[in-house]
Amino acid sequence: VRSFTMEGITGSSQIMTGGSLANLHELCEWRGTVIISDENVLKLHGAKLPPAPIVSIRAGEASKDLNTVFKIYKQLVELEVGRDWLIIGAGGGVVTDIAGFVASTFLRGIEFGFLPTTLIAQVDAAIGGKNGVNLDGYKNLVGTFNQPSFVICDPTLLSTLPQDELMWGLAEALKAGAIGDALLFEIIEDKSPALLSCDVQAMNEVIERAVAVKVDVVVKDEREAGLRRILNFGHTFGHALEKVDKVPHGAAISVGMVVAAKLSQKRGMLSKEDVTRLESALSNLGLPTKTDTDAGAAMDAIRKDKKRAGKNIAFVLLEEIGKPKVEMISFEELSEVMRDMR
Ligand SMILES: NC(=O)c1ccc[n+]([C@@H]2O[C@H](COP(=O)([O-])OP(=O)(O)OC[C@H]3O[C@@H](n4cnc5c(N)ncnc54)[C@H](O)[C@@H]3O)[C@@H](O)[C@H]2O)c1
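Structural notes, computed from the coordinates. These figures come from a predicted structure and were not determined experimentally.

1. A look at the packing of aromatic side chains
- A complete count under the given rule lists two aromatic pairs for this structure.
- Measuring from ring centre to ring centre gives 6.0 Å for Y73 and F106, while their planes differ by 20 degrees; the resulting arrangement is stacked. You can see Y73 sitting in helix α3 (residues 66-78) and its partner F106 sitting in the loop between α4 (93-105) and β6 (111-116), a full 33 residues away along the chain.
- By relative accessible area, which is 23% here, Y73 ends up partly exposed.

2. Some points on helix α7 (residues 182-190)
- When we look at burial in α7, the residues that qualify are L184, F185, I187 and I188. Angularly, the buried residues of α7 cover 160 degrees about the axis, an arc narrow enough to put them on a single face.
- Close packing links the buried residues of α7 with α6 (163-180), α8 (192-196), α9 (200-220) and α12 (272-284).
- Backbone nitrogen of L183 and a side-chain oxygen of the N-cap are separated by 3.1 Å at the start of α7; the cap is D181.

3. Some details on the pattern of salt bridges
- Summed over the entire model, instances satisfying the criterion amount to 21 salt bridges.
- The partner of E224 in a salt bridge is K130, with the nearest N and O atoms 2.8 Å apart. Here K130 lies in strand β7 (residues 130-135) and E224 lies in the loop between α9 and α10 (235-245), a separation of 94 residues in the sequence.
- A residue is classified by how much of its surface remains accessible, and K130, at 37% relative accessible area, is partly exposed.
- Two residues, K266 and D340, come together in a salt bridge whose shortest N-O distance is 3.3 Å. One end of the pair, K266, is in helix α11 (residues 249-266); the other, D340, is in helix α14 (residues 331-341), and 74 residues separate them in sequence.

4. With respect to the nonpolar core
- Core analysis: the largest hydrophobic core is formed by 100 residues, its most contacted members being I87, L119, F237, V259, F315 and L334.
- I87 has contacts with V34, I36, L76, A99, V102, A103, I110, E111, F112 and G113, leaving out every residue within four places of it along the chain.
- Core analysis: the next-biggest nonpolar cluster, separate from the first, contains 15 residues, A52, A90, L115 and F150 among them.

5. Focus on the packing of α3 against α4
- Here α3 crosses α4 at 55 degrees, and the two axes come no closer than 10 Å. With respect to α4, the element α3 is oriented oblique. The two elements α3 and α4 cross, and the hand of that crossing is right-handed. In this structure, α3 uses L66, T68, V69, I72, Y73 and L76 to contact α4, whose residues at the interface are I98, F101, V102 and T105.
- Its residues assigned to classes, the contact of α3 with α4 shows eight nonpolar, two polar and no charged.

6. Observations concerning the pairing of strand β5 (residues 86-91)
- Burial of β5 is extensive: six of the six residues sit out of reach of the surface.
- Neither face of β5 is exposed, since L86, I88 and A90 on one face and I87, G89 and G91 on the opposite face are all buried.
- Pairing analysis gives five bridges linking strand β3 (residues 33-38) to β5, with the strands arranged parallel. By the bridge assignment for β5, T33 is matched with L86.
- Direction of pairing for β5 relative to β6: parallel, over a ladder of six bridges. If you follow G89 over to β6, its bridge partner there is F114.
- Taken together, β5, α4 and β6 form a β-α-β motif whose crossover is right-handed.

How each quantity is defined
- Residues numbered from 1 in each chain as written.
- Predicted model: local features only at pLDDT ≥ 70, side-chain atom pairs only at ≥ 80, totals over all residues.
- Heavy atoms only, no water.
- Phe/Tyr/Trp six-rings, centres within 6.5 Å; stacked < 30°, edge-to-face > 60°.
- Helix = DSSP H or I, 4+ residues; strand = E, 2+ residues; numbered from the N terminus.
- Buried < 20%, exposed > 50% of the residue type's maximum accessible area, 1.4 Å probe, protein only.
- Arc of directions from axis to C-beta.
- Contact = heavy atoms within 4.5 Å.
- Polar contact = N/O pair within 3.5 Å; in protein donor to acceptor, adjacent residues only side chain to side chain.
- Salt bridge = Lys/Arg side-chain N within 4 Å of Asp/Glu carboxyl O.
- Core = buried A, V, L, I, M, F, W, Y, C linked by side-chain atoms within 4.5 Å.
- Axes fitted to C-alpha atoms, helices over the stretch in contact; angles between N-to-C directions.
- Parallel < 35°, antiparallel > 145°, perpendicular 65-115°, else oblique.
- Left-handed = near helix turned anticlockwise from the far one by under 90°.
- Nonpolar A, V, L, I, M, F, W, Y, C, P; charged D, E, K, R; others polar.
- Pairing = 2+ DSSP bridges.
- Right-handed = clockwise from strand over helix to strand, strands pointing away.

By themselves, these observations are geometric and do not establish any function.
The structure is reproduced here in structure tokens:
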């Protein structure tokens, strides 16, 4: 187990990578505890969780709303959950986002920790203290900045993940490498077969490094005044593709990273070799690198997403693998790159 403490202004978080469920049992042995999880996770891993009352939600993004939050509050009241209790969010990013929000607001905030069970949650959603739910189709419109007291990343929980979920998590881990850790990028390049078969040792190494990249960025800019935006590498275009073509998030950010890399190359920043490396790394993980979506529709969706009417859009680009830079991109540049990608 490797444990590091993230000291944030909204709390400090003990993050354990290579941790195991056994660590969780210790953390809640002597206190009132309630577990929030979803139906899939409970079916697959419920028997291993500590013996505490469980609040189960429906699996999936559609649950991530105030309606679910309301139902959870009611159950917490019924369970007579007090200020000194602990709430554990055990599940994917949907569960950790909701559980963090519920715990941050119930009784004006009680302590909470996470047992992330998807790769996306272990390398991304459970780390960094952003909690919240969607409202009227807008993602994460209502939420809080508040750090979980602990996050336990147990790679053995990932063995039950569908292959797609694993791939999408690996796309996020590769993103972490691209913006902050060239060695992580290389490890994923070298070990993609082992990672796709969920080899615990390889997975652990990747999770540990990806978490370190995120922690490093979050500590410097917890409330997203600037730097934290580099975590959006691939996401500006990715979100648009999700909207326009209804592509799953992980696949969309894969294409989005290639778009950002090609824009970087056009600006004379990233070398052609590095663009090719990114494309190969993604395809070796089974992820898409091309799109034939309409550039105009994509640009409109980006503008809407950013709630901006201006002509140019801020994009996270790369100077080299591991070194991001934010620059303004015009519609002409974007459409040119998209023409090349068909
Ligand atoms: N707070 C943040 O900083 C942050 C960052 C990234 C993503 N997110 C949020 O995370 C969410 C996406 O996370 P996700 O991809 O984990 O989605 P998810 O929670 O919906 O999980 C995906 C699916 O996998 C199932 N599942 C969970 N663990 C499993 C396991 N071990 N084995 C088999 N199936 C399992 C779930 O029941 C669900 O059906 C989005 O809502 C996104 O907004 C938040």
